[in-house]
Amino acid sequence: MRLRLFLCAWTLLFCLGATAQYPSQTGRYPKREFRGAWIQVVNGQFRGMSAEKMQQTLIDQLNSLQKAGINAIIFQVRPEADALYASQLEPWSRYLTGVQGQAPDPYWDPMQFMIDECHKRCMEFHAWINPYRALTSLKNGIAPTHLYNIHPEWFVTYGNQLYFNPALPESRHHICMVVMDIVSRYDVDAIHMDDYFYPYPVNGQDFPDNATFARYGKGFSSKGDWRRHNVNMLIEEIHDTVRRVKPWVKFGISPFGIYRNESSDPLGSRTKGLQNYDDLYADVLLWARNGWIDYNIPQIYWHVGHPVADYETLVKWWARNSENRPLFIGQSVQNTVQNTDPTDPTINQLPRKMALQRAYQTIGGSCQWYASAVVENQGRYRDALIAEYHKYPALPPVFDFMDDKAPGKVRKVKPVWTADGYLLFWTAPKYKDEMDRAVQYVVYRFGADEEVDIDDPSHIVAITRDTFYPLPYEDGKTRFQYVITALDRLHNESKSVTKKVKL
């Protein structure tokens, strides 16, 4: 996943179309908002690092992102039919050890490590896999255990890369087996795919699938419809696989930022770039409409005023076409800070983009490309998140179509003096099945006479997996109200329990 502005560089200028705005749902400081960040490995940032150095680097990144208000990490675990986790299906990734198929020494499991570290910080962990890509470059060595060496007939070469043939049932079955393996063995919160479906077009080359079209394409008048059908089947099968294994795990997509141009479809956006539907054969709206994906993060990596893919035009278009599925905006940190606001050349575009994002009921947050750009504080982006846009914590949105039942209330809330200080303890609510189990707790603080309003995130003092909270005792003369709620795996929030204390 990277900026592909050159792919969209058709040079026609056009005006921003007028669109109706949805009334604001969230306000200045929303309590519910997806605040994600992508951590990629395909750029080689970890390749060949010692286990100790990579672990410390990841911890430093997570600590920085946590302070910036990020509540979900999308971590790349399968860049080219390989694994940054212990897999019996695919070889260890070259992006971990430098050599595909070579296990880390000393041995460790990066995905398990990241799950533990994310959950320790009450961040979601989304396992990011690339479905079809099998080699990022034909120059790369390929491990003996790579599936290509077992079933070369499942793969095709296109450009300088190797891909699973999307038309083959065997390809879909293997990819679904990989997903099942991850979901069944790891405590992931979501399976995530980005924009790589049928590959980005190589100039002058058609994807080499004439033989499989002749074999499997009966009933399709066009190869384009058939290719979309192939991807549709994979998306539906992955969604069904995830639901069957763990019904609380989400399946999300981060597609290229343009679905279709208006010139191709009257309902498309007023853009002039490459298209998901026509060029990548990814019918994202159909997936959302049919409930095959649980969230959508289109990569709107351009700036406001871009001549062929205007950011504002695309945000408004996706907001109108969410198809009743959670919609978040994929943000480019670099693009945002490198371009000035069209109405105020003294500031970058972050204020305008955040205001636009939060103006629509159908947009529930954003995801930052890429995490390191936030950590590095490029253009003081991280500073702005901390000071204003993520000033207070936010819970991820509720996915009520997956589960809308809140866990029970916490029990036995009591302040206790311990050797570690004054602590507020509580007991987890009882539950009947995993969907109802409390996995996190939200602690709010109010003044003694202050009205309790748990919709106001400025009163959140902790989101924790512990069943206790350290109280900031001073002299025992000031009264406070502490409010505790429980969250289940899909962030449904229980009724609150209040305890008055003197600090």
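Refer to the structure printed above.
Residues numbered from 1 in each chain as written. Predicted model: local features only at pLDDT ≥ 70, side-chain atom pairs only at ≥ 80, totals over all residues. Heavy atoms only, no water.

Enquirer: What's the story with the overall build of the protein in this structure? I'm lost.
Expert: Of the regular secondary structure elements, the protein holds 13 helices and 20 strands. Structurally, the protein occupies a C-alpha span of about 80 × 55 × 40 Å along its principal axes. Here the protein displays about 20500 Å² of accessible surface, and carbon together with sulfur accounts for 49% of that area. Averaging the positions of the 56 positive and the 56 negative side-chain charges in the protein gives two centres separated by 3 Å. (Helix = DSSP H or I, 4+ residues; strand = E, 2+ residues; numbered from the N terminus. Areas by Shrake-Rupley, 256 points an atom, 1.4 Å probe, with all protein chains shown as cover. Lys, Arg positive; Asp, Glu negative; His and termini not counted. Charge placed at Lys NZ, Arg CZ, Asp CG, Glu CD.)

Enquirer: Even after reading the chapter, I still don't get helix α1 (residues 51-67), so can you show me in this structure?
Expert: One full turn of an α-helix is made of 3.6 residues, so residues set three or four places apart face in the same direction. Across its 17 residues, α1 extends 24 Å between first and last C-alpha, which sits within 8% of the 24 Å expected from 1.5 Å per residue. The complete set of buried residues in α1 reads Ala 51, Met 54, Leu 58, Gln 61, Leu 62, Ser 64 and Leu 65. Projected onto a plane normal to the axis of α1, the buried residues spread over an arc of 165° and lie on a single side. Turned more than 90 degrees from where α1 packs its buried face, Glu 52 and Lys 67 sit exposed. Elements in contact with the buried residues of α1: β1 (34-39), β2 (72-78), α2 (94-97), α3 (110-120), α12 (371-375) and α13 (381-389). Gly 69, located one to two residues past α1, shows a positive phi value of around 90°. (Expected span 1.5 Å × (residues − 1). Buried < 20%, exposed > 50% of the residue type's maximum accessible area, 1.4 Å probe, protein only. Arc of directions from axis to C-beta. Contact = heavy atoms within 4.5 Å.)

Enquirer: So what exactly am I meant to see when it comes to the sheet that holds strand β18 (residues 468-470) here?
Expert: One key point about sheets: their strands pair by backbone hydrogen bonds, in either a parallel or an antiparallel sense. Pairing is antiparallel across the open sheet formed by 3 strands, whose spatial order is β14-β15-β18. Of all the strands in the sheet, the pair left with one neighbour each is β14 (411-418) and β18. Pairwise comparison of adjacent strand axes, ignoring direction, gives a mean angle of 20° for this sheet. Strand direction decides the pairing type here: strand β15 (residues 421-427) and β18, joined by 3 bridges, are antiparallel. Bridge pairing in β18 links Leu 424 to Tyr 469. (Pairing = 2+ DSSP bridges. Axes fitted to C-alpha atoms, helices over the stretch in contact; angles between N-to-C directions.)

Enquirer: Explain the packing of helix α9 (residues 311-320) against helix α11 (residues 350-357) to me, please; I cannot follow it from the model alone.
Expert: Each pair of packed helices gets described by two things: the angle between the helix axes and the distance between those axes. It is the contact of α9 with α11, at a shortest axis distance of 10 Å, that shows an interaxial angle of 15°. Viewed along their axes, α9 and α11 adopt a mutual orientation that is roughly parallel. In terms of crossing hand, the pair formed by α9 and α11 is right-handed. In this structure, α9 contributes Tyr 311, Glu 312, Val 315 and Lys 316 to the contact, and α11 contributes Arg 352, Lys 353 and Leu 356. (Parallel < 35°, antiparallel > 145°, perpendicular 65-115°, else oblique. Left-handed = near helix turned anticlockwise from the far one by under 90°.)

Enquirer: Explain the pattern of salt bridges to me, please; I cannot follow it from the model alone.
Expert: A pair can form between side chains of opposite charge whenever their charged atoms are brought close. In the structure shown here, the tally under the stated rule is 28 salt bridges. Note that Glu 237 is salt-bridged to Arg 172, the shortest N-O span being 3.6 Å. Residue Glu 237 is found in helix α6 (residues 223-245), and its partner Arg 172 is found in helix α4 (residues 169-185); the two are separated by 65 residues along the sequence. Note on Glu 237: relative accessible area 30%, which makes it partly exposed. (Salt bridge = Lys/Arg side-chain N within 4 Å of Asp/Glu carboxyl O.)

Enquirer: How should the side chain of Ser 372 be read in this particular structure?
Expert: Inspection of the secondary structure puts Ser 372 in helix α12. Judged by relative accessible area, which is 11%, Ser 372 ranks as buried. In this structure Ser 372 touches Gln 45 and Gln 61, once residues within four positions along its chain are discounted.

Enquirer: Explain the packing of aromatic side chains here, please?
Expert: The geometry of an aromatic ring pair is captured by two quantities: the separation of the ring centres and the angle between the planes. In the structure shown here, the tally under the stated rule is 35 aromatic pairs. Taken together, a centroid distance of 5.8 Å and an interplanar angle of 80° make the contact between Tyr 85 and Tyr 186 edge-to-face. Here the residue Tyr 85 occupies a position in the loop between β2 and α2, and Tyr 186 occupies one in the loop between α4 and β7 (190-193), the gap between them amounting to 101 residues. No difference in accessibility class separates Tyr 85 from Tyr 186, as the two residues are buried. Arranged with centres 6.0 Å apart and planes meeting at 45°, the rings of Phe 425 and Phe 468 form a pair that is tilted. Separated by 43 residues along the polypeptide, Phe 425 in strand β15 and Phe 468 in strand β18 bring together distant segments of the chain. (Phe/Tyr/Trp six-rings, centres within 6.5 Å; stacked < 30°, edge-to-face > 60°.)

Enquirer: I keep staring at the sheet that holds strand β4 (residues 133-135) and nothing clicks. Help me out?
Expert: As summarised here, the arrangement of the 3 strands in space is β4-β6-β5, forming an open sheet in which the pairing is antiparallel. The open sheet has two edge strands with one neighbour each: β4 and β5 (155-158). For this sheet, the mean inter-axis angle between neighbouring strands, taken without regard to orientation, is 35°. Pairing analysis gives 4 bridges linking β5 to strand β6 (residues 161-164), with the strands arranged antiparallel. The residue of β6 that forms the bridge with Thr 157 is Leu 162.

Enquirer: What should I look at first to understand the side chain of His 146 in this one?
Expert: With respect to the helices, strands and loops of the structure, His 146 is situated in the loop between β4 and β5. A polar atom in the side chain of His 146 sits 3.4 Å from the backbone oxygen of Ala 134. When near neighbours in sequence (up to four residues on either side) are disregarded, His 146 contacts Glu 80, Ala 81, Pro 91, Gln 100, Ala 134 and Phe 155. (Polar contact = N/O pair within 3.5 Å; in protein donor to acceptor, adjacent residues only side chain to side chain.)

Enquirer: Would you explain the packing of α1 against α3 in this entry?
Expert: Two numbers describe how α1 lies on α3: the axes approach to 11 Å, and their chain directions differ by 30°. By the angle between their directions, the pair α1 and α3 is classed as roughly parallel. For the pair α1 and α3, the crossing hand works out as right-handed. Note on element contacts: α3 touches α1 through Pro 110, Phe 113, Met 114, Glu 117 and Cys 118, opposite Met 54, Gln 55, Leu 58, Ile 59 and Leu 62.

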